[in-house]
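# Architecture and fold: a report
What follows is each chain in one-letter form.
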Amino acid sequence: EAPATFFFSGANIAGNEAIIREVHAAGHRVASHQWSHVIATSTQFTGFVTRERDALDRVLGEPHPRLFRYPYGAGSTAKETVLRASGYPDGGIGWNVDTLDWCFGSDAYCDRVPMAYRRDYVGWVVSESSRLGGGVMLFHDIQGVTASNLDAILTRMEGLGYRFAALPSR
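Residues numbered from 1 in each chain as written. Predicted model: local features only at pLDDT ≥ 70, side-chain atom pairs only at ≥ 80, totals over all residues. Heavy atoms only, no water.

## Digging into unusual backbone geometry
Leaving glycine aside, a negative phi is the common case for residues, and trans is the common case for peptide bonds. Which entries qualify depends on this criterion: Runs of E in the DSSP output that reach at least two residues are strands. Runs of H or I that reach at least four are helices, and both are numbered from the N terminus. For every residue, the accessible area (1.4 Å probe, protein chains only) is compared with the maximum for its type, and the residue is labelled buried under 20%, exposed over 50%, or partly exposed between those bounds.
At Tyr72, a position not held by glycine, the phi torsion is positive, near 65 degrees. For Tyr72, the position within the fold is in the loop between α2 (42-60) and α3 (77-85). Note on Tyr72: relative accessible area 55%, which makes it exposed. Its identity as a non-glycine residue notwithstanding, Leu100 has a phi of 55 degrees, on the positive side. Tracing the chain through its elements places Leu100 in the loop between β3 (97-98) and α4 (121-132).

## A look at the side chain of Ser32
This is how the line gets drawn: Residues are treated as being in contact if the distance between any of their heavy atoms lies within 4.5 Å.
Along the polypeptide, Ser32 turns up in strand β2 (residues 29-32). Of the residues examined, Ser32 reaches a relative accessible area of 0% and is grouped as buried. Apart from the residues lying within four places of it in its own chain, the contact partners of Ser32 are Phe7, Phe8, Glu52, Leu56, His64, Leu67, Phe68, Arg69 and Tyr88.

## Details of the pattern of salt bridges
The condition is simple: A carboxyl oxygen of Asp or Glu within 4 Å of a side-chain nitrogen of Lys or Arg is what we treat as a salt bridge.
Summed over all chains, the structure comprises four salt bridges. Among the salt bridges present, the one from Arg53 reaches Asp54, with a minimum N-O distance of 2.9 Å. According to the relative accessible area criterion, Asp54 is partly exposed, its value standing at 30%. In this structure, the salt-bridge partner of Arg84 is Glu80, at a minimum N-O distance of 3.1 Å. A residue pair is termed a helical-turn pair when its members lie 3 or 4 positions apart in one helix, as Arg84 and Glu80 do in helix α3 at four residues. Assessed through its relative accessible area of 45%, Arg84 is described here as partly exposed. Judged by relative accessible area, which is 19%, Glu80 ranks as buried.

## A closer look at the packing of α4 against helix α5 (residues 144-159)
To be explicit about the condition: Angles run from 0 to 180 degrees between N-to-C directions of axes, and those axes are lines fitted to C-alpha atoms, restricted for helices to the stretch in contact. Should an angle fall under 35 degrees it is taken as roughly parallel, and over 145 as roughly antiparallel, whereas 65 to 115 is taken as roughly perpendicular and any remaining angle as oblique. Handedness of a helix crossing follows the sense of rotation of the near helix relative to the far helix, less than a right angle counterclockwise being left-handed and clockwise being right-handed.
At their nearest, the axes of α4 and α5 sit 9 Å apart, and the two run at 50 degrees to each other. Put simply, α4 runs oblique to α5. Judged by the twist between their axes, the crossing of α4 over α5 is right-handed. Across the interface between the two elements, Tyr121, Val122, Gly123, Val125, Val126 and Ser129 from α4 touch Val145, Thr146, Asn149, Ala152, Ile153, Arg156 and Met157 from α5.

Structure follows, in structure tokens:
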């Protein structure tokens, strides 16, 4: 019961159409994360955006919510102009709580978090969310540490009074 927004990279759509439709049918938002998970040049960007937009619409059989997240957060003024011209009225959507799930994925500790949380992913996410007063959280569904700990994170945060929602869309 924690609605979310899933930003799919276009290159990963083929072969995963059923999953995308399932996510959508479950009430989550399906949104764009660019065709390829790279820092796109200005030349690449327009093609990546429109190709991804059209592919998601085909899979869903209807226009997907026009939400876009830049890979690595690598936006620019020129890219924002392209997004708006391509039907994404809000431009790129960012986040304020970086769970650093990619950093916790190995046996080594994550040196980007305080010592007290280097081996405590759940504690780190709850602490960082609380420190920032909640907000838009960045998780990656490809990270095992996220998949294996998401229920514990949501349960702890719910116990602290947090509520969950997908990003709004127009």
